[in-house]
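Fold and geometry: a report
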Amino acid sequence: EVQLVESGGGLVQPGGSLKLSCAASGFTFSDYAMYWRRQAPGKGVEWIAGINSGGGVTYYADSVKGRFTISRDIAKNMLYLQLNSLKTEDTAMYYCVKGARVSVRLPPFAKDFDYWGQGTQVTVSS
């Protein structure tokens, strides 16, 4: 059974940082691209970062480029998202998403992903 469990969210002031983690299990982690997406209240899903199976290729949405960094530790079956220079508009539920293939594109097509976790809340407020 595929499981994706996010952690690391919380309340942070504008300009602050957080590191989100996603523990993956139930599949061969090194065989699939991974993504982070977010959804703010009353807004649609935004795909913000993707990484290929080997970790050497990453893509970012323009809204987070230069501030967020996606990474993965294949040995630990962990996906990460480092969030720096946070803004109030980054407030959202953040989800870890399993890709359906080794390659990554952003945003992914519907056939490019298949499972996601329960999410972790990030709130940026003073």
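Chains are numbered independently. Their residues run from 1 in the order of the written sequence. In keeping with the model being predicted, local features are shown solely for residues with a pLDDT of at least 70 and side-chain atom pairs are shown and tallied solely at 80 or more, while totals for entire chains, interfaces and linings include all residues. With hydrogens and water stripped out, all remaining heavy atoms of the structure feed into the side-chain values.

**Things to note about the nonpolar core**
Side chains of a nonpolar character, in soluble globular proteins, are inclined to be buried together. What is meant by a nonpolar core is a set of buried Ala, Val, Leu, Ile, Met, Phe, Trp, Tyr and Cys residues, joined one to another through side-chain atoms within 4.5 Å. For every residue, the accessible area obtained with a 1.4 Å probe (protein chains only) is divided by the maximum for its type, and the residue is called buried under 20%, exposed over 50%, and partly exposed between those limits. Core analysis: the biggest nonpolar cluster contains 28 residues, and W36, L79, L81 and Y94 have the highest contact counts within it. Elements represented by at least two residues in this core include exactly β3 (18–25), β4 (34–39), β5 (45–51), β7 (68–73), β8 (78–83), β9 (92–99) and β11 (120–124). Segments assigned H or I by DSSP are reported as helices when at least four residues long, segments assigned E as strands when at least two residues long, and all are numbered from the N terminus. The leading source of residues in this core is β3, at four residues. By definition in these notes, contact holds between two residues if any of their heavy atoms fall within 4.5 Å. Y94 has contacts with E6, L20, R37, R38, I48, F68, L81, L83, G119, T120 and V122, leaving out every residue within four places of it along the chain. Counting residues in each nonpolar core, the second largest holds six residues, with A33, Y35, W47 and F113 among its members.

**Describing the pattern of salt bridges**
For this document, the term salt bridge refers to a Lys or Arg side-chain nitrogen within 4 Å of an Asp or Glu carboxyl oxygen. Here the structure, examined in full by the defined rule, presents seven salt bridges. We note a salt bridge from D62 to K65, for which the minimum N-O separation is 3.2 Å. Look at K65 and you get exposed, because its relative accessible area is 51%. In this structure, R101 and D112 form a salt bridge, with 2.8 Å as the shortest nitrogen-oxygen distance. With R101 in the loop between β9 and β10 (113–116) and D112 in the loop between β9 and β10, this residue pair connects regions lying 11 residues apart in the sequence.

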